[in-house]
Structures are given as C-alpha cells and as structure tokens.
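# Chains, contacts and geometry: an overview
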Amino acid sequence: MLVFCVSLLTVFGFAIGLWKAGVVPAARSLLASSVSGVSAMFDAETTDHEKETAVRRAAFELLGGVWQLAWRFGLSLAAAAAPIVLADVAGLASTDEVTGLMLRLDYIIAVSVLAILIARFVSKRLSANTTSATQNDAYSEGDRLVHTLAFSTPMVMKSLAATDDRAFRLANKTEASQPPIFITSLARGGTTALLNAFFDMPAIATHQYRDMPFITAPYLWSRLGGKRSDRVSRRERAHGDGLEIDLDSPEAFDEVLWHLYWPDKYRQQFIGLWQNVDENRAACDRLHEHFEKIVALRRPEQEQARYLSKNNANIARLRVLPTYFPGCDIIVPLRRPAAHAASLLRQHNNFLDLQAKDDFVRRYMSDIGHLEFGVLHKPIAFAEFDPAGTKPDQPDYWLRYWIAAFREVELQSDRCFIVTQDDLRSRPYQTMTALLKSLNLPQTDQRFDTYFRNTPDRTPDEFFDAELLHTANALYVDLDKQAVK
C-alpha cells in the first residue's frame, strides 16, 4: 500500500511540476514560433527580405523556446522524483519497488484513464467559465500550423487534389452527377441565410467547416480527420452578425479552387471578370470532380442530390458558369442598395479591426479566397465600377460597387433566378416555394421563416449621395420586376 501511495504522489508531483513550471505555456510559445516561421516562408504577400527577417526572428525564438521547455520539464521530473527519493531515504518504500509498480502495464493503463477523466472534468469546469472571446478563438497554435501547411503552395494543394481524386474513384463508381446550383451576390446580400435554408434539404450537398483545412482533398480528409465536433464548440462567426457556426455548418470554400486554377485573375489590383476565352477544360474537370466528392460525402443515399455552392465571388463568373457547368442554376439574392452598401461598409471596418489584432485572420481569409473586406479588399473588376475618388472607408464607394455589380447581374439576368431579401423576410414560404419550383427541386416541409429575419431591412439613405442612390434604387426596381415571386 505504501508503494502504491508513493507512486501516486510521484504522478501527482509530476503533474504539479508541469503546471507550476509552466510547461504547457512554454510548449505553446514554442509551437507559436514554429507557426510564425512556417507562415512567413509561405506568405505570398511578403517580400523575400521580409521573409528572411521573419524566419531569422522565428529561429532565435525557437532556440529560446527549446531552452525554456527543457529546464521547465527538468523541474517537473525533479518534482516527480522527490517522493520516490524521500520514501527510499525514510525506508518506507524502495526506489526499485516504486518504479517497478509504475512500469507495470495495468498500472499505466489505470493511471492514464484516471488522469484523462480528471483532465476532462477540469477542462469542462474551466470551459464553463471562459469568456466569449476565448471561445471565439477556434484555432489553436497546432491548428494554425496544420492550416499553414495545407495551404503552403499551389503544388501541394494540386497534388492533394489529384491524390484525393484517385482515392475517391477507387472507392466510388463513376456516375453522371446532377448540375450544381450556385448562390452568389455581393457579400452581405443574404447568401448565407439562403445557404442555410437549402442546407437542410435532403437533395442538397454543400461544403462544411469540417472540410478545412484540406479543402482540395475532402474525401481523404473526411476519412483521416476523424470526428472533431466534440473538440469545437458552437460559436458566433467572425462577421459579428449573430450567426453561430460549428464544424457541421455549411460554408463557401470552393473559391479556393477557382483561385488555384485561375491564379492570373487575382494578380492585379482587381479580380478579373471571367470571359468565355478563360475556359480551362482541365480545371473545369477538377471542379466537376470536386463537386461530385462533396455530394458523395454529404448525401450518399440521394441519387439525385445536387452540389450547392454559396460563393460571393461567383458573381464575377455569371458569363461562364452555364458554359462550364451545363444545366446549372444560378440564384442571386437582391438586397436594397442603401442597406446593402451600409452593411458592406460595416463589415469592411470590422475586418480591418480583426486583421489588425490577429494576422492569422488575414492569412485565413486570404487562403480561402474571401477578399471582400479589410486589408485584403480586392474588388471585382465590373465593367462599370469607377470609385471616382472614393475609398472603401466611405459609404459611396460601396454604393458605386453595388451599382456596378448589379449592372452585371442585369446583363446576365436571363441566366439567373433573382430573389429579393424583402420577399424572403416578408413572405418566406411563398418565395422559397416558388424558387424551389423554378429549380425543379422537391418541396419540403421546412419552416422557412426560421432562416430569414422577419423585420424590414433598414435603409440608411442619408449616408449616400442622393443622385447615386437614385441610380441604385432605379436599378433595384428593374431587377425586382424579374425576381422570383
């Protein structure tokens, strides 16, 4: 019994040593230095000199971190050894007896299980007292490192995609897939609410947050990544709009593929519009294959399931989507211009603040192709977009952008199903029923009022130039006449 008690004191001493010596924070700091160095090497937006400086700084931090971790771990071992030495000196239990017990397999298993149970209990108690700010930090240093490696280079991402395609075809017979559905508009136009409504339909398959960070290899990642829902709590997304997400929530990630296979479109100050001459058949085949994998993963029991893409940047591809994906359907949510432009401005300022506080937010948004806001803001080169001396921190800039974007929608309106946010708010069931009929999708028994706000959209007209707003409102009226009702 004395030997057993001494062994428990040894384990307890080691645990206390790890805690008091700060081994875990030191390990996190060491990992953070690793992430910083790897991120710097693969950051395409920094110069070679900046990369060299950042990597050198990270190297020195790593050396210091290794030393910090070594002496702290040494103290923890000393704390563990103290009970054994004291018991041996006092004649209560010999060192050989204690170490012999601790090396037994049944002892290791029993103590390990007990330690895990205690750790889970303490973790739950601590998590109950954490602030919302802590809960919003979903990416640990380890997660950030994996993310950085997954998005390290186009070659890595394309190699993962090719490997994933082969693995998928080995396990799944090739079948003709149904044409995809694209939801697109300017950000803040109501695309996420529509996505959530469609996501709950059995005939629809979408990306989910669990597909991160190996977006180009969703099939293998679904097999190797395991079930991670129990490690990620539901939280409000970074947009600060009240929408909560977890790993099972739908999200737009296929912009990663467009950026990967059409990189020249992103290399200028603006994102270029896709034209028919931009067709890349090999890349289109990759996208088809990718969509098929998502359908197989999400709706394996549904033979007629369709891939759904909610991607705001697809508004730059209205001219080519029907050619690249014959039979596809395009849905364009339409929001009143003053409300929409004001929301774009708020979100731009929000992400300026987020990206200033945490550079990983900037890196994450850049990697997944969300270039709408903040320091990453890169407008789409709509034919009529002329900022005319305005800047993204001014309301009229976003109103001009709205006009140019929906001029493009107007030109391609015969290819789109337009649906207004006003209709989705005031008459959600009738509007969604009409939309499903237009898409030849089966009707569902969903309560569509749960997906859309039931209050009128506020239109802060006083923020904008009167003549500019008149032009925008006239365009809105014309498009509203073509909307699904």
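Counting restarts for each chain: residues are numbered from 1 in the order of the written sequence. Residues qualify for local features only when their pLDDT is at least 70, as the model is predicted, and side-chain atom pairs are given and counted only at 80 or more; totals for whole chains, interfaces and linings, by contrast, use all residues. With hydrogens and water excluded, all non-hydrogen atoms of the structure serve as input to the side-chain values.

## Quick look at the packing of aromatic side chains
- Planes of paired rings set the category: under 30 degrees apart is stacked, over 60 is edge-to-face and the rest tilted, where pairs are Phe, Tyr or Trp rings (Trp by its six-membered ring) whose centres lie within 6.5 Å. Applying the stated criterion across every chain yields a total of 28 aromatic pairs.
- Between Trp-258 and Tyr-324, the ring centres sit 6.3 Å apart and the planes meet at 15 degrees, which makes this aromatic pair stacked. Separated by 66 residues along the polypeptide, Trp-258 in helix α11 (residues 255-261) and Tyr-324 in helix α13 (residues 321-324) bring together distant segments of the chain.
- Site record: aromatic cluster; members linked through ring pairs are Phe-182, Trp-258, Trp-262, Tyr-266, Trp-274, Phe-291, Tyr-307, Tyr-324 and Phe-325.
- Here Lys-265 stacks its cationic end above the ring of Trp-274, 5.5 Å away from the centre of that ring. Numbering goes from the N terminus for both helices and strands, where a helix is a DSSP run of H or I of at least four residues and a strand is a run of E of at least two. Charge over a ring is defined by NZ of Lys or CZ of Arg lying within 6 Å of the ring centre and within 35 degrees of the ring normal.

## Here's the deal with the nonpolar core
- Grouped together as the largest cluster of nonpolar side chains are 79 residues, with contacts concentrated most on Trp-258, Trp-262, Trp-274, Phe-325, Phe-382, Trp-402 and Phe-406.
- In terms of residue count, helix α16 (residues 395-411) provides more of this core than any other element does, 10 residues in total.
- Ignoring any residue separated from it by four or fewer positions in sequence, one finds Phe-406 in contact with Ser-185, Leu-186, Val-332, Pro-333, Leu-334, His-340, Leu-475 and Leu-479.
- Only buried Ala, Val, Leu, Ile, Met, Phe, Trp, Tyr and Cys residues count toward a nonpolar core, and they belong to the same one when joined by side-chain atoms within 4.5 Å. Note on classification: 1.4 Å probe, protein chains only; a residue is buried when its accessible area is under 20% of the maximum for its type, exposed when over 50%, partly exposed between these limits. Ile-183, Ala-197, Ile-204 and Leu-436 belong to the second-largest nonpolar core, a separate cluster that totals 21 residues. The contact definition used throughout considers only heavy atoms, calling two residues in contact when any of these lie within 4.5 Å.

## Re helix α19 (residues 466-480)
- With 15 residues, α19 should cover 21 Å at 1.5 Å per step; its first-to-last C-alpha distance of 21 Å lies within 8% of that length.
- Along α19, the residues classified as buried are Leu-468, Leu-469, Ala-472, Leu-475, Tyr-476 and Leu-479. Buried residues of α19 fall within an arc of 125 degrees about the axis and therefore sit on the same side. Facing away from the buried side of α19, by more than 90 degrees, are the exposed residues Ala-466, Glu-467 and His-470. One less than the residue count of a helix, multiplied by 1.5 Å, gives the span that helix is expected to have. Summarising the geometry, the arc corresponds to the directions from the helix axis toward the C-beta atoms.

## Brief notes about a nonpolar patch on the surface
- The patch calculation keeps residues exceeding 30% relative accessible area without a salt bridge and links them within 9 Å when they carry like charges or within 5 Å when they are nonpolar (Val, Leu, Ile, Met, Phe, Trp, Tyr). All accessible areas in this document rest on Shrake-Rupley with a 1.4 Å probe, and a residue is counted as covered only by the protein chains that are shown. Whenever a carboxyl oxygen of Asp or Glu lies within 4 Å of a side-chain nitrogen of Lys or Arg, that contact is scored as a salt bridge. Judged by side-chain polarity, Met-1, Phe-4 and Leu-8 come together as a nonpolar surface patch covering roughly 320 Å² of accessible area.
- Residue position: Leu-8 is located in helix α1 (residues 2-20).

## A word on the confidence of the model for the protein
- The predictor attaches a confidence to each residue, called pLDDT, with possible values from 0 through 100. Averaged over the protein, the pLDDT score is 84; the fraction of residues at 70 or greater is 83%.
- Across residues 126-136, confidence stays below pLDDT 50; counting only partners more than four residues off in sequence or on other chains, it has 5 contacts.

## What about the sheet that holds strand β1 (residues 181-183)?
- Any two strands with at least two DSSP bridges between them are considered paired. In spatial order, the strands read β2-β5-β1-β6-β7; together these 5 strands make up an open sheet with parallel pairing. Edge positions in the sheet fall to β2 (204-205) and β7 (417-420), since each has one partner strand and no second.
- For β2 and strand β5 (residues 306-310), the ladder comprises 2 bridges, and the chain directions are parallel. By the bridge assignment for β5, Ala-205 is matched with Tyr-307.

## Thoughts on the environment of Leu-18
- Structurally, Leu-18 can be placed in helix α1.
- Judged by its relative accessible area of 25%, Leu-18 is partly exposed.
- For the pair Leu-18 and Phe-73, spaced 55 residues apart in the sequence, the C-alpha separation amounts to 6.9 Å.

## A closer look at the packing of helix α8 (residues 154-171) against helix α12 (residues 281-298)
- Working convention: axes come from line fits to C-alpha atoms, limited for helices to the stretch in contact. Angles between N-to-C directions cover 0 to 180 degrees. Close contact between α8 and α12 brings their axes to 11 Å; oriented N to C, the two are set at 55 degrees. In terms of orientation, α8 lies oblique with respect to α12. For the pair α8 and α12, the sense of crossing is left-handed. In this structure, α8 uses Ala-161, Ala-162, Asp-164, Asp-165, Phe-168 and Arg-169 to contact α12, whose residues at the interface are Arg-286, Glu-289, Glu-292, Lys-293 and Ala-296.
- Grouping the amino acids of the contact of α8 with α12 by side-chain chemistry returns 4 nonpolar, no polar and 7 charged. An angle counts as roughly parallel when it lies under 35 degrees, as roughly antiparallel when it exceeds 145, as roughly perpendicular when it falls between 65 and 115, and as oblique in every other case. Handedness of each helix crossing follows the sense of rotation of the near helix against the far helix: counterclockwise by less than a right angle gives left-handed, clockwise gives right-handed. Any residue that is not Ala, Val, Leu, Ile, Met, Phe, Trp, Tyr, Cys, Pro, Asp, Glu, Lys or Arg is counted as polar, Gly included; the first ten are nonpolar and the last four charged.

## Considering unusual backbone geometry
- Cis peptide bonds are those with omega within 30 degrees of zero, and the linkage from Met-212 to Pro-213 qualifies with 0 degrees.
- One non-glycine residue, Arg-188, adopts positive backbone phi at about 70 degrees.
- Inspection of the secondary structure puts Arg-188 in the loop between β1 and α9 (191-199).
- Non-glycine residue Asn-440 carries a positive phi angle of around 60 degrees.
- Positionally, Asn-440 belongs in the loop between α18 (428-438) and α19.

## Brief notes about the packing of α16 against α19
- Axis separation between α16 and α19 bottoms out at 10 Å; the angle between their running directions is 30 degrees. Relative to α19, the element α16 lies roughly parallel. You can see that α16 and α19 cross each other, and the crossing is left-handed. Two secondary-structure elements touch here, α16 through Asp-396, Leu-399, Arg-400, Trp-402, Ile-403, Phe-406, Arg-407, Val-409 and Glu-410 and α19 through Leu-468, Leu-469, Thr-471, Ala-472, Leu-475, Tyr-476, Asp-478 and Leu-479.

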